[in-house]
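Commentary on secondary and tertiary structure
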Amino acid sequence: MRTGILGDVSDSLTLELRPVSSSPVSASLPAQPYGRPPLRTVQVLGGAAGVGNSAHVRSLTTGLAARGVRVTVCAPVEAEGEYDFTGAGAQFEPDAVGALRAACAGADVVHAHGVRAGLRAALALRGRRVPLVVSWHGDGPAAAGALGRLSRMLERHVARAAAVVLGSSSDQVDLARLRGARDARLAPVAVPAAGTDADPGKARAELGAVERPLLIAVGSLVPHRGYSVLLDAAREWRTLEPVPLLVIAGEGPLRAGLSRRIEAEELPVRLLGRRRDAAQLLAAADVAVLPSRREERALLAQEALRVGVPLVATAVGGVRELVGEGAVLVPPGDAGALASAVAGLLADPDRRAGLAAAGRAQAATWPSEDDTVAQVLSVYDELTERGRR
């Protein structure tokens, strides 16, 4: 089965990952401490679960199952087909209300990923003394008006229902506390690194960028990704020699409007749609671009820094904390600053090389998948010990 990352709850594209394969947990689980039965946990993904959340749950499931934890994943059926949670060692249940409530009834800890999943889990646990952990990944941009008020109300409900909220960035931890979380902790999300063994030259030839710079952005075509600003910057890149080609891997509701604008303004931009080989395309690029209005632990940024592709990103959310000195940061919504930063990198090979090295060094400081599993398991143990007192 294929697994992938890249995106939040609204994402539809994939930066494909291939984690180490694992077989389902056997009936003879590792011995538990003090003769206790195996810990039972339910991992909950919302009906609109993003690629990043799903890949994280797949990784977490693999690690927990290997440590003798009995894992049930409640998620959309299509997520099981995409990420093969059963192959990672879990029992899979569809995210229907009845199935979720039944699964939660037999759990020692329920762990929801995202605010929407947290709400579903809190409702399923109503009347039961089962601790709820919510990973606060950032479900999307802050809305205005009535929608914004509803979103904040739901966030407050989930934050207060959770025994522990795990934030993927310091901003998310602060937000959870602001919404009333009793216990909010920083827990950066580690996901499997994408395979990038493909020939970069072949990828560039396919895209038509053999003798011109290649720029890449990856993310669903939705408003908060900032693609209108990115096209403004692309208009300025037409004056460069040679003119760089910008490719955008992703799908979404803005595709038709972006396509019309690219054609009308004759912009050097190609919309690739959803690509299963986005990781290989990224590795072949000269510069990666992240123009979002809001991001937390941006998965494009993680992959760019890991493979040593210079990154220009907006200084929003958890991006600055994530990339450190490993990327060029610009203000969100500033097309001029974005265009200038990219043009400056294209004109300076030494700076690109230095930024690539800094990115790899920064990536080496991030927690591993094992670190992430160990931290989550320590939270589970703490909550179950608390419940035994």
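See the structure above.
So, here's what we can say about the structure. Everything quoted here is computed from the prediction, not taken from an experiment. (Residues numbered from 1 in each chain as written. Predicted model: local features only at pLDDT ≥ 70, side-chain atom pairs only at ≥ 80, totals over all residues. Heavy atoms only, no water.)

**Focus on the environment of E296**
You can see E296 is positioned in the loop between β13 (287–290) and α11 (299–307). With a relative accessible area of 7%, E296 lands in the buried category. Separated by 108 residues in the primary sequence, E296 and P188 have C-alpha atoms spaced 9.9 Å apart. Ignoring anything within four residues of it in the chain, the contact list for E296 reads H137, S168, S169, D171, Q172, G317, G318 and V319. (Helix = DSSP H or I, 4+ residues; strand = E, 2+ residues; numbered from the N terminus. Buried < 20%, exposed > 50% of the residue type's maximum accessible area, 1.4 Å probe, protein only. Contact = heavy atoms within 4.5 Å.)

**Overview of α11**
Of all nine residues that make up α11, seven are buried, and the element is covered over most of its length. In the stretch just after α11, G308 is the one whose phi turns positive, near 80°.

**Some details on the sheet that holds strand β7 (residues 132–136)**
Spatially, seven strands are ordered β5-β4-β3-β6-β7-β8-β9 in an open sheet, and the strand pairing comes out parallel. Only two strands of the sheet have a single neighbouring strand rather than two, namely β5 (91–94) and β9 (184–186). Each strand axis lies, on average, 20° off the axis of its neighbour in the sheet, ignoring direction. The pairing of strand β4 (residues 70–75) with β5 spans four bridges and is parallel. Across the sheet, residue C74 finds its bridge partner in β5, namely E93. Strands in contact with helix α5 (residues 145–161) are β7 and β8 (164–167); relative to β7, the strand with the most contacts, it is inclined by about 135°. Running at roughly 180° to β9, helix α6 (residues 170–178) makes contact with β7, β8 and β9 of the sheet. (Pairing = 2+ DSSP bridges. Axes fitted to C-alpha atoms, helices over the stretch in contact; angles between N-to-C directions.)

**Remarks on the packing of helix α3 (residues 97–105) against helix α4 (residues 115–124)**
Where α3 contacts α4, the two axes come as close as 9 Å, and the packing angle between them is 65°. It follows that α3 is roughly perpendicular to α4 by the angle criterion. At the point where α3 passes α4, the crossing takes the right-handed sense. Touching L100, R101 and C104 of α3 are R120, A121, L123 and A124, all from α4. Of the residues assigned to the contact of α3 with α4, the class counts are five nonpolar, no polar and two charged. (Parallel < 35°, antiparallel > 145°, perpendicular 65-115°, else oblique. Left-handed = near helix turned anticlockwise from the far one by under 90°. Nonpolar A, V, L, I, M, F, W, Y, C, P; charged D, E, K, R; others polar.)

**Looking at the side chain of E82**
Within the secondary structure layout, E82 lies in helix α2 (residues 77–83). Here E82 falls in the buried class, since its relative accessible area comes to 18%. Engagement of the side chain of E82 in a polar contact is seen with the side chain of R274, the distance being 3.2 Å. (Polar contact = N/O pair within 3.5 Å; in protein donor to acceptor, adjacent residues only side chain to side chain.)

**Observations regarding the packing of aromatic side chains**
Under the criterion given, the structure shown has one aromatic pair. Between Y83 and F85, the aromatic rings sit 6.2 Å apart at their centres with planes inclined by 20°, giving stacked as the arrangement. (Phe/Tyr/Trp six-rings, centres within 6.5 Å; stacked < 30°, edge-to-face > 60°.)

**A short note on unusual backbone geometry**
In this model, E241 is joined to P242 through a cis peptide bond whose omega is -5°. Take P242: it is sitting in the loop between α8 (227–237) and β11 (245–249). For D84, which is not a glycine, the phi torsion comes out positive at approximately 50°. The class for D84 is buried, based on a relative accessible area of 17%. The backbone of E266 sits at a positive phi, close to 50°, despite the residue not being glycine.

**Points about the pattern of salt bridges**
Applying the stated criterion across every chain yields a total of 19 salt bridges. The salt bridge involving D95 is made with R120; its shortest N-O contact spans 4.0 Å. Linking D95 in the loop between β5 and α3 with R120 in helix α4, this pair joins segments that are 25 residues apart in sequence. Residue class for D95 comes out buried when judged on its relative accessible area of 17%. For R120, a relative accessible area of 27% puts it in the partly exposed group. As a salt-bridge pair, R306 and E303 come within 2.7 Å of each other at their nearest N and O atoms. In this pair, R306 and E303 both sit in helix α11, three residues apart, roughly one turn of the helix. (Salt bridge = Lys/Arg side-chain N within 4 Å of Asp/Glu carboxyl O.)

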